[in-house]
Structure formats: structure tokens, C-alpha cells
Amino acid sequence: MAGAAQHCNGERAVVLLFVSRVLFSAPLSLSFEAAALVLLTVCGLVVEISADCSTALDRFKTRPGASSGILLGAVTLPTVMLSRLIQLSRALLRQDAGPEELAYMSMQYWTVSVSCFGVLIFFFFILRRSPNNASSSSQASKYSFLHTVLYVLTCCLLFATKSDSGWFITNNLLWLLWHGLTTVFLIQHILQTFPSCASIGEALLVSSGLVLYFGDMLGLTLSKINFSLLSSKLNFIRYGTRSEIATVIQGHLLGLLLLPVFYKSLLQIWMYFANLNKPEEQAAEGWTYRRIGSSAVFYASLLVMFTILVPAWMYFIQDFHVHPLLWVFTFVLTDPLKRLALCIYWIGVICASVLRFYNISKHSKIERILLRKYYHLVAVLMFLPALLFQPSFLDLAFGAALAVFLVLEMIRVWKIWPLGHLVHQFMNAFTDHRDSEILIISHFSLLLGCALPKWMSSGFNDRPLAPFAGILSLGIGDTMASMVGHKYGVLRWSKTGKKTIEGTAAGITSVLAACSILLPLLASTGYILSQHWLSLLLAVTVSGLLEAYTAQLDNAFIPLVFYGLLCL
């Protein structure tokens, strides 16, 4: 009992409550998916406890002050995808969605589940080979072997119910295996390339999400090639028609992922032809020439990527009749009164808030954590009106903002002339202990925390509050919890933590109050309200408790957990 109590902390208890709530809502038709999630949760819990008792994973330099977060990072995305599957299964019963859409989402679930499970098995092997963990190596081996056998058996049984073809089962297992191996490689690359920037759980969330997103792009591209060999291998993946906005966002994010490789390649070619190997007496002049030249190569790479290479992929996937950038301008001007007015409103809010808060950060003694929460309120002011009245335009705006953030971060990290120093100086005014000199991630996590619930709600959605999960949990709940807890908090959740019971209560109450105001507004715009207040109360409470207990990046996890619970 004492050992069990020692291994049970607040974060793990909240995660298990989150997973249990989703499993309780799963219908019998999703029993294989539910069984896989149970195996993944148990495996994640065992790995996290083993990692806490060992130094084997210290080879990865993680963010100082953060726990490993392996369990939370491993189960968050699979549990959210299962929640989405439960939502689509309701739509299938009411004939609001077809079986192809459910099959596609099921494959997405298995993709991210196998990705996370593969990383956990990789951690099992690291723990087994640890010299200071020899006593428990045999036990870890037994756990990893047992979990692997049961998990693979579950996958095989699922695919066997879909088809009796051996090729069908083999090809889909190979497709999932490729995602798992890619995720294992990617999480090592992230933790080694960006040391002290993320915990293991945060890196697992990012790597599994990237593999899921860009693996979907690869599958879509292969399905468009229409070769019989590839078609037979991917016949379980059903790719229906997707919107032009989704293709534009996906294409530009793909371009930004490939931009570093493209830029470095062009830079090497330029340096070869520029013959920069000058004598030492010309070192200063050569450095200036190299700096300006490399910056010019960066801007040229950016221009070529987004005007030629990325649009070429978009043409192939979506059959655009005009250049995708021209399509974006046409889309904005389709409803110029509302969309242009919204753009002007956004620019005004951004300029006013940036100038005001930057001056405060330089001359005021307000704690930086509170100053950053003002940006959460700015996110509410910007995104809430658009989500109510221009949701499709907000999808595109989220993608554009993310692209701008990524480009600015590249300019800052690579010190691209003439903006690199200015961007670094400005962004450094709003960093906290979770940021580092290598990467500043807080603004990314806030933007993605608001955007992901909206993007994931595309298609069928019978829970009108689900797209608002990020705005409500971060813009209102997290902000009020921090402000009230900082000013009035006395009772702490733990002896070592800073989160207070008063702050958590304020966050939960503020989100419930915002929902009570938001639901009538949604009803007035034509939404059919189907959100049950008991389910809503449980979702708000669980996400509030996660904010209180987790040592992970709350902007990344809380919106996803809240969204997953709102879908039920």
C-alpha cells in the first residue's frame, strides 16, 4: 500500500480519470480501440514509474523543473482521437456521417496509438539496458514483451474483422509500424537537437502529433498517385474530399517543415560559388558578407518554397483552378465586409496589446507570468468573435498565424539579418522558465492550444462547445486560475507546487460562467444545443485539476484534454 501511494500523484490520478471517462463512454463497436487504450495507459504508467526510479533516461536533457510526463504525453492524443471516434459513432447511428469517415478516423487513432506505444517500448529497452537498473531489467523485459504481444494481437484482431485478406492485415500493420518507427526516431531527434526545451512527455506529444499530421499528408499523396501497388497497401485508409482551407494549411506547414533542409542546401551551394574561403586578414569583411548573403538565401528559399514548391503539391492534391495564394485572397474577399473588418480588428488588437505589454515588461515590476496571462485574454478578444461568426475564416487565420510564428522563430534562431536581433529582443521580454535560448515555445503552445480544438472539430460536430475548448481553458480558465491564485491563493495543492485551491476553483467557476453565457449565443446563431451540464461540469473539473497538478506545458495538454471530454 505504501509503494502504491508513493507512485500515485495528482497528475497521474487526473490522467487516469480522463482516460476512464472516455473508456466509459466508448460503445461496443469500439471495443478494440478501447482495449488498445487500456494497454497503452498501463504501459505508459509502468514506464513513467520505472523512469522515476532510474537514471536511464537522463541521457536526454529535458526541461529543468519538469517531471517526465510520459504517461500524459503517451495517452493524450490517442484518448482524444478515441473521443472523436465516439462522437462519429453517434453520427453514424443518426446517418450524419458515413462509414468511410469513421474508418478514416479509426485509422488515425491507430496511427497515433501505435506511434506512442512504439516510443514506450523504446523506453522499455533503454530502461532494461541501464546498468543501475539491473535488478528490474527482467521485470521490464517481461512487461514490454507482454504489452507488445497483447497490443499487436489487438491490432490483428481489429483488421481481421474488417477483412479476411492476409495482405490487408499485413499491409496495414506495416503502415502502422512505419509510423511507430518514425516517431521513435523523431522524439530522439527533438530531445537531442533541442536540449532542455521540453520534457519527455511534451516531446512525445509533439513527435506523435507531427507523425500523425504529416503521415496523413503522405497517405493522401500516395492515394492520389493511383498506382495499383500503393493502392492495395493503403486500401484501409479512406481519404474523402477535404476543404481547400485544410489543404492550404497542410501545404504551408509541410513547406515550413522542409524549409530548413531546402535553405541549408541552397546555402551550401551559394557558399561554394561565392568562394568565401578568404585570408584571415579579411575575416571581418567576409563575416559581414556571409551574414548578408545567407540572409538573402533564406528569403529566396522562403519565396521559392511558398510560391512554387508548396503550390505545386496543392495543385496535385486539391485541383486548384488558380494559384493557392490567389485563392486565399479570393476567399478573404468573398465576404469583404465581415472578413476585412475582422482583419482590421485583429491588427488593432495586436498593435495595441503588443505596444502596451512590451512597455510594461520593460518598465513595470509585474511578474512575467501574470504579464503573459494578459496575452491569454487577448486571445479571447481576438478568437472568440471570429469563432462565433466566421469559423471557416478563423481556420485559415490560425494557419497563417502559425506559419508567421514559425518563420519568425527561424529568423530569430538563425539570426537572419536584419530582423533576427529585433525579433529575439522582443520575444525575450515575454519568456519564462519553460522557454530556452534555443527555442521560445510559449506563443506556439498558446496559438496551437486555441487552434487544435477548432481544426479537429471540422466535419461532424454535435457538441457546440468543443471548438471553444482552447479559448475557454486557456483564455479564461488558466488566466483566472493564475491571477486569483497569485493574489488570493493560500491553500496549496502540494507542498512543493505553487498552484492553489483558490486559483483552481476560480478557473473552474470562470469557465462554467463563460459556458453559461456562450451557450445562449450559440443557440441564437443556429446551433442545436446538445451539451449536458453534468458532462460539462466533469470536463471543466478534470481540465482544471490537470492545470493544478501537471508540471508539463499546460497550454499544450489542457485544451486537448478539455476537447476530448467535451466530445463525449
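Residues numbered from 1 in each chain as written. Predicted model: local features only at pLDDT ≥ 70, side-chain atom pairs only at ≥ 80, totals over all residues. Heavy atoms only, no water.

S.K.: Tell me about the packing of aromatic side chains, and please be specific about residues and values.
M.R.: The geometry of an aromatic ring pair is captured by two quantities: the separation of the ring centres and the angle between the planes. Under the counting rule described, the total for this entry stands at 16 aromatic pairs. Ring centres 5.5 Å apart and planes at 90° place the aromatic pair Y263 and F298 in the edge-to-face group. In this pair, Y263 is assigned in helix 10 (residues 244-274) and F298 in helix 11 (residues 283-318), connecting sequence segments 35 residues apart. For Y263, a relative accessible area of 3% corresponds to the buried category. (Phe/Tyr/Trp six-rings, centres within 6.5 Å; stacked < 30°, edge-to-face > 60°. Helix = DSSP H or I, 4+ residues; strand = E, 2+ residues; numbered from the N terminus. Buried < 20%, exposed > 50% of the residue type's maximum accessible area, 1.4 Å probe, protein only.)

S.K.: With reference to specific residues and values, describe the side chain of R90.
M.R.: Of note, R90 is situated in helix 4 (residues 70-93). Those residues in contact with R90 that sit more than four places away from it in its chain are D462, R463, C567 and L568. (Contact = heavy atoms within 4.5 Å.)

S.K.: Account for helix 21 (residues 554-566), naming residues and giving values.
M.R.: For helix 21, built from 13 residues, the straight-helix expectation of 18 Å at 1.5 Å per residue is met to within 8% by its first-to-last C-alpha distance of 18 Å. Counted residue by residue, helix 21 has 12 buried out of 13 residues, so it is predominantly covered. Among all positions of helix 21, only D554, N555, F557, I558, P559, L560, V561, F562, Y563, G564, L565 and L566 are buried. (Expected span 1.5 Å × (residues − 1).)

S.K.: Can you explain the pattern of salt bridges? Please cite residues and give values.
M.R.: Side chains that carry opposite charge are capable of pairing whenever their charged atoms lie near each other. Within the structure shown, the criterion is met by seven salt bridges. R63 serves as the salt-bridge partner of E202, at 2.4 Å between the closest nitrogen and oxygen. Of this pair, E202 sits in helix 8 (residues 200-225) while R63 is found in the loop between helix 3 (31-52) and helix 4, placing the two residues 139 residues apart along the sequence. An identical accessibility class is assigned to E202 and R63; each is buried. Put simply, R412 and E409 hold a salt bridge, and the shortest N to O gap is 2.8 Å. Highlighted residues: R412 and E409, both in helix 15 (residues 391-413), separated by three residues, approximately one helical turn. As far as burial versus exposure is concerned, R412 and E409 are alike and both buried. The structure contains a network of salt bridges with shared partners spanning R90, D462 and R463. (Salt bridge = Lys/Arg side-chain N within 4 Å of Asp/Glu carboxyl O.)

S.K.: Please provide a residue-by-residue account of helix 20 (residues 533-549), values included.
M.R.: With 17 residues, helix 20 extends 24 Å between its outermost C-alpha atoms, agreeing within 8% with the 24 Å of an ideal straight helix rising 1.5 Å per residue. Taken together, the buried positions of helix 20 are S535, L536, A539, V540, V542, S543, G544, L546, E547 and A548. Buried-residue contacts for helix 20 involve helix 2 (10-25), helix 4, helix 18 (469-488), helix 19 (501-524) and helix 21.

S.K.: Talk me through the confidence of the model for the chain; I want residue IDs and the actual numbers.
M.R.: Of the residues in the chain, 83% reach a pLDDT of 70 or more, and the chain-wide mean stands at 81. Across residues 227-236, confidence stays below pLDDT 50; counting only partners more than four residues off in sequence or on other chains, it has 15 contacts. (pLDDT = per-residue confidence, 0-100.)

S.K.: Break down the nonpolar core for me, citing the residues and quoting the values.
M.R.: Counting 156 residues, the largest nonpolar core has L57, F123, F383 and L472 as its most contacted members. If sequence neighbours within four positions are ignored, L57 has contacts with A51, I70, F123, I126, L127 and I200. (Core = buried A, V, L, I, M, F, W, Y, C linked by side-chain atoms within 4.5 Å.)

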